[in-house]
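# Reading the structure
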Amino acid sequence: MTLFKKSKQTVGLAAAATAFVLTASDADAQRQRQATPKPNIVLILADDQGYGDAGFMGATKLRTPRMDRLASEGVVFTDAHSGAAVCQPTRYGILTGRGYWRADRPQGTYFIEDEIMLPRVLKDNGYNTAMFGKWHLGFVREHDVEGEHDWNGRWTKGPNWIGFDYFFGMPNSHAQPPFVFLENEHIYKHDPEDPIIPLKKRKQEWLYTWDSGGSTGAAAAHEACDMDRLDLILAERADQWMSEQTQDTPFFLFMSFFAPHVPFTIAEEFRGSSEAGDLGDYMHQLDHATGMVLDALEKHGFAENTLVIYTSDNGGVYIYGEPHGELGSLELDHRSMGALLGLKTDTWEGGHRVPFIARWPGKIPAGTQSDQLLALEDLFATFAAAADIKLPRNAAPDSLNQLPLLQYPNVPTPIRTEMIYAGRGRALRHGDWVYLPEPGSGGLFGTFYLERFGYENSDFEGNVRREDAAPAQLYNLREDLSQSRNLYHERPDMVKFMDARFREIMRQRKSR
């Protein structure tokens, strides 16, 4: 059974709608805006969910009934991309509508004083704003001295600074310390008599130290941050926050979930529940947490006037499993990236092509699909349009309003025709073509997985790059979505055009 059905809406309907807007008087338009309440906006962002990590995207070894239901109630974009193949630049792009490629900023420093932020724009136009989950975009800790961490004081220049009225989450990924929640600018359940103490060495006194050291002390704070239930706790807190909202004031809710990023910290009730190993189990937990948020919208009477977006910050990671002592998802015949080549950090498609659902009852046709190009930076302008907000000058320079395409998914004329995206390198997408000015995956993990899992790329013999491989890469994604054949030598005309266009865009880079 096919999940998606093509919308019966036609280009003629879209043209008619446009003509009505153009011919309506200003007074009529003003009355219409006043009569229509601003929508609530809910952005649900998974962390490292790959293109194939859900039932609605073809997964068979794990089950995502709540994501699948959401997809059946809205539109699915099959050509949606994060601005980067790693999380922090992508999140920066969502919140600023600005490609991270524009600025030469040291890793770990993101916002500057007068940048125009999505939550601030919404807040200044009457929205209540809240964020739950992973931040990972930097804080200033008031008691740090000469590089020594002091996590017990106030954490400034974080979510509240850029326009969120309320924040509850962790300062970094759950793979990095401190392993506690923050509530706004302070550690949740902090006890001055039992401070949190950074650990100098790896894997010492705390279970989830990963590669970044750990923390000890602060028993109440650590206990409140149950690592196996992080997203479930966030969904419960979001439910509580929604219960305090009213129909009179619209809200923007950013659910920044931790799953399925490693480590796989899985609640007992989801362990062993999938056929895709720990990754599948963790996806089951994420699907359940997503359902809790959607149920809360229903329970509190907000679902009908809420634009919900579900997506991921970049592609999946599938390096875990053998030889690390257990079967990983790939060995169990689940492919996070679906048919795509590449993984998180790669400039190949698997690094940044992400699942994407939009639902808005009565505004977005249910059960539809679009193959038009969309960038996560576009959320800024799209949300502003949905809320009937005129963006300030110089806001969101890389964000395009995709609302017309959400509402009329089968309109053949694209809103976006090109974009720059990045792994640890960069690539240019232009129409059906993608150009990588450098060889290889462009990512952190190399190409070890090509031979091991049967991926093909004409520049490689197994995992080894051929001596006669081209110095750059050109692919036609409509004809070769899996990027198996580099057309660099076959289409020198397109290589010349794409390289010139890439360099032209790069010259637009500014320091801010």
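The text that follows walks through the structure, step by step, so that each part is easy to find.

How each quantity is defined
Residues numbered from 1 in each chain as written. Predicted model: local features only at pLDDT ≥ 70, side-chain atom pairs only at ≥ 80, totals over all residues. Heavy atoms only, no water. Helix = DSSP H or I, 4+ residues; strand = E, 2+ residues; numbered from the N terminus. Polar contact = N/O pair within 3.5 Å; in protein donor to acceptor, adjacent residues only side chain to side chain. Contact = heavy atoms within 4.5 Å. Buried < 20%, exposed > 50% of the residue type's maximum accessible area, 1.4 Å probe, protein only. Pairing = 2+ DSSP bridges. Arc of directions from axis to C-beta. 1 Å grid on protein atoms, 1.4 Å probe; cavity = no way out; pocket = protein on both sides within 12 Å on 5 of 7 lines; lining within 4 Å. Points joined across faces, edges and corners; volume = space filled by probe spheres on them. Nonpolar A, V, L, I, M, F, W, Y, C, P; charged D, E, K, R; others polar. Salt bridge = Lys/Arg side-chain N within 4 Å of Asp/Glu carboxyl O. Axes fitted to C-alpha atoms, helices over the stretch in contact; angles between N-to-C directions. Parallel < 35°, antiparallel > 145°, perpendicular 65-115°, else oblique.

## Re the side chain of R416
Tracing the backbone shows R416 in the loop between α10 (403-407) and β18 (418-422). Only 2.6 Å separates the side chain of R416 from the side chain of D378, close enough to count as a polar contact. Engagement of the side chain of R416 in a polar contact is seen with the backbone oxygen of D398, the distance being 2.9 Å. Excluding residues within four positions of it along the chain, R416 makes contact with L373, L374, A375, D378, D398, L400 and Q402.

## Some remarks on the pairing of strand β4 (residues 128-134)
Of all the seven residues making up β4, six are buried; the element is thus mostly covered by neighbouring parts of the structure. Where β4 meets strand β12 (residues 251-260), six bridges bridge the pair, whose relative direction is parallel. Across the sheet, residue A130 finds its bridge partner in β12, namely L253. With five bridges connecting them, β4 and strand β7 (residues 166-170) associate as parallel partners. Across the sheet, the residue bridging to K134 is M170, located in β7.

## What about helix α3 (residues 65-72)?
Taken together, the buried positions of α3 are occupied by R66, M67, L70 and A71. The arc that holds the buried residues of α3, viewed along the axis, is 140 degrees, so those residues lie on one side. On the buried face of α3, the contacting elements are β2 (75-77), α8 (277-299), β13 (306-312) and β15 (356-359).

## Considerations on empty space enclosed by the protein
In the structure shown here, the tally under the stated rule is three cavities of 30 Å³ or more. Around the largest cavity, the lining residues are R66, R69, L70, E73, L294, D295, E298 and R359. For the lining of the largest cavity, the secondary-structure elements that each account for two or more residues are α3 and α8. Class assignment for the residues of the lining of the largest cavity results in two nonpolar, no polar and six charged. When its volume is computed, the second largest cavity comes out at roughly 40 Å³. For the second largest cavity, the full set of lining residues is T347, G425, R426, L436, P437, E438, P439, G440, S441, G442 and Q473. Among the residues forming the lining of the second largest cavity, the class breakdown is three nonpolar, six polar and two charged.

## Some remarks on the sheet that holds strand β17 (residues 374-375)
Strand order across the open sheet formed by three strands is β14-β3-β17, with mixed pairing between neighbours. Each edge of the open sheet carries a strand with a single partner, namely β14 (353-354) and β17. Two elements, strand β3 (residues 80-81) and β17, share two bridges in a ladder whose sense is parallel. When the bridges of β17 are listed, H81 appears paired with A375.

## Considering the pattern of salt bridges
Following the criterion strictly, the structure yields 27 salt bridges and no others. Between D313 and R91 there is a salt bridge; the shortest N-O distance is 3.0 Å. Of the two residues, D313 sits in the loop between β13 and β14 while R91 sits in helix α4 (residues 87-96), which places them 222 residues apart along the sequence. Taken individually, D313 and R91 each receive the classification buried, so the pair is uniform in this respect.

## Overview of the packing of helix α7 (residues 230-243) against α8
Close contact between α7 and α8 brings their axes to 9 Å; oriented N to C, the two are set at 5 degrees. Classified by the angle between their axes, α7 and α8 sit roughly parallel to one another. Packed against α7, whose contacting residues are D231, L232, A235, E236, D239 and M242, the element α8 presents Q285, L286, H288, A289, M292, V293, A296, L297 and K299 at the interface. Split into classes, the residues belonging to the contact of α7 with α8 amount to nine nonpolar, two polar and four charged.

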